[in-house]
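Each chain, letter by letter, is given below.
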Amino acid sequence: DNVNCVSYPRTGKRGVPQQFPRRLYNMLEAESQLQPSDNQCLIAWSSTGKAFRIEDVNLFSTLVLPKYFRTSKFSSFQRNLNLYGFNKVRRGPDADMYAHPSFLRGRPEF
């Protein structure tokens, strides 16, 4: 068996398919195409496509998060990132961005 294979939980506590990774991917795809009035995306893929960054946590929580999730609390969003095994990249071109080995731009299937 493949030790490096990472999979997401298929269902939650009530047997409902997990929607967080799919919603996160859809949010990144949609929001990274938008340019707010200050000409800055609040969430976007990194140039490598292996991570994503959040520019302004407060604005992101107020303007973007409620459009895709049932919360405007960044702590809830961050808890889900941790639950699904996302980590903050510490060095390299994607430093200070969130990443997961199976969460890649252009690969919505996880």
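Refer to the structure presented above.
Since the model is a prediction, treat every value here as computed from it, not as a measurement. (Residues numbered from 1 in each chain as written. Predicted model: local features only at pLDDT ≥ 70, side-chain atom pairs only at ≥ 80, totals over all residues. Heavy atoms only, no water.)

Tell me about the sheet that holds strand β4 (residues 98-99), residues and numbers included.
A sheet is described by the order of its strands in space; here 4 strands give the open sequence β1-β2-β4-β3, paired in antiparallel fashion. With partners counted over all chains shown, the strands left at the sheet margins are β1 (43-45) and β3 (87-88), one partner each. Where strand β2 (residues 51-54) meets β4, 2 bridges bridge the pair, whose relative direction is antiparallel. Looking at the pairing, F52 lines up with Y98 of β4. Sheet contacts for helix α1 (residues 20-31): β1 and β2; angle to β1, the most-contacted strand, approximately 95°. (Pairing = 2+ DSSP bridges. Helix = DSSP H or I, 4+ residues; strand = E, 2+ residues; numbered from the N terminus. Contact = heavy atoms within 4.5 Å. Axes fitted to C-alpha atoms, helices over the stretch in contact; angles between N-to-C directions.)

Which residues make up helix α2 (residues 57-68), and what values do they have?
Residues spaced three or four apart along an α-helix point in a common direction, a consequence of the helix completing one turn every 3.6 residues. Helix length check: α2 (12 residues) gives 15 Å between terminal C-alpha atoms against 16 Å at 1.5 Å per residue, within 8%. Within α2, burial applies to F60, S61, V64 and L65. The buried residues of α2 all sit within an arc of 135° when viewed along its axis, so they share a single face. Summarising the geometry of α2, the exposed residues directed more than 90 degrees from the buried face are N58, T62 and K67. Buried-residue contacts for α2 involve α1, β1, β2 and α3 (74-83). Looking at where α2 begins, the residue whose side-chain oxygen comes 3.1 Å from the main-chain nitrogen of N58 is D56. (Expected span 1.5 Å × (residues − 1). Buried < 20%, exposed > 50% of the residue type's maximum accessible area, 1.4 Å probe, protein only. Arc of directions from axis to C-beta. Polar contact = N/O pair within 3.5 Å; in protein donor to acceptor, adjacent residues only side chain to side chain.)

I'd like to hear about the nonpolar core, residue by residue, with values.
Ranked by size, the top nonpolar core spans 21 residues in total, and within it L24, F52, F60 and F77 carry the most contacts. For this core, the leading source of residues is α1, giving 5 residues. (Core = buried A, V, L, I, M, F, W, Y, C linked by side-chain atoms within 4.5 Å.)

Tell me about unusual backbone geometry, and name the residues and values.
With a phi angle near 65°, D96 is a residue other than glycine that sits in the positive phi range. Assignment of secondary structure puts D96 in the loop between β3 and β4. D96 gets classed as exposed once you look at its relative accessible area, which sits at 56%.

Geometric descriptors of this kind do not, in isolation, establish any biological role.
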